[in-house]
Amino acid sequence: MVSTSLKAKCHQLKSTFASPTVSNPVGGNEKCADLAIQIFFSKILKLAAVRIRNLCERVQHVELTERVYNVFNHILDQQTTLFFNRHIDQLILCCLYGVAKACKVELSFNELLNYYRKEQWKPEVFENVYIGSRNSNDVLHVDIIRFYNKVFVPAAKPFLVSLISSGTCPEEKKNASGPIPGSPKPSALPNNLPDMSLKKVSASHNVCVSFAAKQD
């Protein structure tokens, strides 16, 4: 039987974490809502880091990994609405192509999608990207290339251009004397990223498995 005091403590915890304006009971001046958002964003960034690393390895441009992660981190922080009603891979694909183009790497969007398809992700990811709605019954979707040109580029172009002006593209590092004042600061990839890429069960069967990351 649960004691009255324990019930009271459970009720206190529930009411605390249910209220976004209540201060974090663990300590500090952060509100519970702020802490929850920070945890949620950190989970997104870790998942994105794994997928970006795997995709850059697949397209054989691992030198772009940190740049792509940096752009992804930036749009998550500064252009958060890009993530609304969209799959995380849609933004990762756009970030990778945008960085490749800014750094003059020979990689077409169709080539990128071909590499992505090899992982057997759902075709809706690149064929059906949300771009808005006229009303509740008229939702607009386009393919990912049109989304990139119409929505992603206008939002991310200033930051992508800054990659060039700050000399942070891989092939330009050897000639760069250092980042210009006000240029974006690179974001380090999280450490100890798990391998979540798909693995074929056997050469004779078109069946793949992936290993889920251990939750922190």
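The model shown is predicted, which means the values in this text are computed figures rather than measured ones. Note on numbering: residues in each chain are counted from 1, in written sequence order. The predicted nature of this model means local features are confined to residues of pLDDT at least 70 and side-chain atom pairs, given and counted, to a pLDDT of 80 or more, with totals for whole chains, interfaces and linings taken over all residues. Each side-chain value is derived from all of the structure's non-hydrogen atoms; neither hydrogens nor water enter the calculation.

Asker: What's the story with the environment of Phe-84 in this structure? I'm lost.
Answerer: Its location among the elements puts Phe-84 in the loop between helix H3 (65–78) and helix H4 (88–102). The class for Phe-84 is partly exposed, based on a relative accessible area of 47%. Spatially, the C-alpha atoms of Phe-84 and Gly-132 are 9.9 Å apart, while their sequence positions differ by 48 residues. Only DSSP runs of H or I reaching four residues or more are called helices, and only runs of E reaching two or more are called strands; each is numbered from the N terminus. Using a 1.4 Å probe on the protein chains alone, a residue whose accessible area is under 20% of its type maximum counts as buried, one over 50% counts as exposed, and one in between counts as partly exposed.

Asker: What's the story with the nonpolar core in this structure? I'm lost.
Answerer: Residue types Ala, Val, Leu, Ile, Met, Phe, Trp, Tyr and Cys, when buried and joined through side-chain atoms within 4.5 Å, form a set referred to as a nonpolar core. Counting residues in hydrophobic clusters, the biggest one holds 48 residues, and the most contacted among them are Phe-72, Leu-112 and Phe-152. When residues of this core are traced back to their parent elements, those giving at least two are helix H2 (32–58), H3, H4, helix H5 (109–117), helix H6 (124–127) and helix H7 (144–165). At 10 residues, the largest contribution of residues to this core is made by H4.

Asker: What should I look at first to understand the packing of aromatic side chains in this one?
Answerer: Each aromatic ring pair is described using two quantities: the centre-to-centre distance and the angle formed by the ring planes. For this analysis, a ring pair means two rings from Phe, Tyr or Trp (six-membered ring only for Trp) whose centres lie within 6.5 Å, classed as stacked if their planes differ by under 30 degrees, edge-to-face if by over 60, and tilted for the remaining angles. Per the stated rule, a full pass over the model turns up 7 aromatic pairs. Arranged with centres 5.3 Å apart and planes meeting at 90 degrees, the rings of Phe-72 and Phe-83 form a pair that is edge-to-face. With Phe-72 in helix H3 and Phe-83 in the loop between H3 and H4, this residue pair connects regions lying 11 residues apart in the sequence. When its relative accessible area of 15% is taken as the criterion, Phe-83 is described as buried. Ring centres of Tyr-148 and Phe-152 lie 5.6 Å apart, and the angle between their planes is 20 degrees; this geometry places the pair in the stacked category.

Asker: Would you take a moment to explain the packing of H3 against H4 for this structure?
Answerer: Two quantities define a packed helix pair, namely the angle between the axes and the distance from one axis to the other. Simply put, an axis is a line fit to the C-alpha atoms, just over the touching stretch for a helix, and the angle between two N-to-C directions goes from 0 to 180 degrees. As a packed pair, H3 and H4 sit with axes 9 Å apart at the nearest point and diverge in direction by 125 degrees. Relative to H4, the element H3 lies oblique. In this structure, the crossing between H3 and H4 has a hand that is right-handed. For the pair H3 and H4, the contacting residues are Arg-67, Val-68, Val-71, Phe-72 and Ile-75 in the first and Ile-88, Leu-91, Ile-92, Cys-95, Leu-96 and Val-99 in the second. For this classification, the nonpolar set comprises Ala, Val, Leu, Ile, Met, Phe, Trp, Tyr, Cys and Pro, the charged set comprises Asp, Glu, Lys and Arg, and every other residue, Gly included, is treated as polar. The class makeup of the residues in the contact of H3 with H4 is 10 nonpolar, no polar and 1 charged. Angular relationships are summarised with four words: roughly parallel below 35 degrees, roughly antiparallel beyond 145, roughly perpendicular across 65 to 115, and oblique for the angles in between. By convention, the crossing between two helices is left-handed when the near helix turns anticlockwise from the far helix through less than a right angle, and right-handed when the turn is clockwise. Contact criterion: two residues are considered in contact whenever any of their non-hydrogen atoms come within 4.5 Å of each other.

Asker: Would you mind showing me how to read the pattern of salt bridges here?
Answerer: Oppositely charged side chains can form a pair if their charged atoms are brought close together. The rule for a salt bridge is simple: a side-chain nitrogen of Lys or Arg has to be within 4 Å of a carboxyl oxygen of Asp or Glu. Scanning all chains against the criterion turns up 2 salt bridges. A salt bridge links Arg-51 to Asp-89; the shortest N-O distance between them is 2.7 Å. Here the residue Arg-51 occupies a position in helix H2, and Asp-89 occupies one in helix H4, the gap between them amounting to 38 residues. Overall, the relative accessible area of 21% leaves Arg-51 in the partly exposed class. The salt bridge involving Arg-134 is made with Asp-138; its shortest N-O contact spans 2.9 Å. Residue Asp-138 is classed as partly exposed on the basis of its relative accessible area, which comes to 25%.

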